[in-house]
Amino acid sequence: MKRSRYNIIIRSEKASLIFNSFTNSYIALSNNVCSDFESLQINEFKNKYKTSYQNLCELGVIIPDNRDELAIIRYKNKLATFGSRELRIVVYPTQDCNLKCWYCYENHIPNTHMNKETASKIINYINKEIEKNSFDSFFILNSATLL
């Protein structure tokens, strides 16, 4: 067993708080127990503080030697990034926005509208994604919805 890399210890005069940012859990310990947690080998800590050791294991503050928390974070990130079954499309039907935000990079071409060819390409794209069964939910926003 080993200490999680994601433990954050906050001390006060009366007690110490260990927050594990990986599991989003926390536990309050006496300052003596927390000091021993930091300084003793895990097996020594286990023998001296059986109940605290068990609680720290359940909260993910102490983890198995073979657990690679960083690999788990990377996997969850890839799953969230590439594993989504949502199709989200934002459509800008005009470049004639009247807000004229100072940070905007658009050219603001007056009286412009999406042509039928572009609208047809969007519809064809959505139809292809439906045929591939590539999503479970679908969201379409136009630029006015974002305001």
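Residues numbered from 1 in each chain as written. Predicted model: local features only at pLDDT ≥ 70, side-chain atom pairs only at ≥ 80, totals over all residues. Heavy atoms only, no water.

(A) Expanded view of the overall build of the protein chain. Scanning the protein chain from N- to C-terminus turns up five helices and seven strands. The C-alpha atoms of the protein chain give a radius of gyration of 27 Å, which is well past the 15 Å a tight globule of 147 residues would have. Contacts spanning at least 24 positions in sequence make up 52% of the contacts within the protein chain whose residues lie at least 6 apart. Accessible surface for the protein chain amounts to roughly 11,200 Å². Of this, 54% is attributable to carbon and sulfur atoms. (Helix = DSSP H or I, 4+ residues; strand = E, 2+ residues; numbered from the N terminus. Rg over C-alpha atoms; globule rule 2.2 N^0.38 Å. Contact = heavy atoms within 4.5 Å. Areas by Shrake-Rupley, 256 points an atom, 1.4 Å probe, with all protein chains shown as cover.)

(B) Broad picture of the packing of aromatic side chains. Tallied over the entire structure, the rule returns five aromatic pairs. Measuring from centroid to centroid gives 5.6 Å for Phe37 and Phe45, while their planes differ by 70°, and the two rings are edge-to-face. Phe45 matches Phe37 in its accessibility class, with the two residues each being buried. A ring pair is formed by Phe45 and Tyr49, whose centres lie 5.1 Å apart and whose planes are at 40°; its orientation type is tilted. The burial state of Phe45 is the same as that of Tyr49; both residues are buried. (Phe/Tyr/Trp six-rings, centres within 6.5 Å; stacked < 30°, edge-to-face > 60°. Buried < 20%, exposed > 50% of the residue type's maximum accessible area, 1.4 Å probe, protein only.)

(C) The side chain of Ser16, seen in detail. Within the element layout of this structure, Ser16 appears in strand S3 (residues 16-20). Within the local environment of Ser16, its side chain forms a polar contact with the side chain of Arg11, the two groups lying 3.2 Å apart. Leaving out residues up to four positions away in the same chain, Ser16 has contacts with Ile10, Arg11, Ile27, Ala28, Leu29, Ser30, Asn31 and Cys34. (Polar contact = N/O pair within 3.5 Å; in protein donor to acceptor, adjacent residues only side chain to side chain.)

(D) Broad picture of the environment of Asn133. Within the fold, Asn133 resides in the loop between helix H5 (116-132) and strand S7 (137-142). By relative accessible area, Asn133 is classed as exposed at 52%. Residues Asn133 and Arg85, spaced 48 residues apart in sequence, show a C-alpha to C-alpha distance of 9.4 Å.

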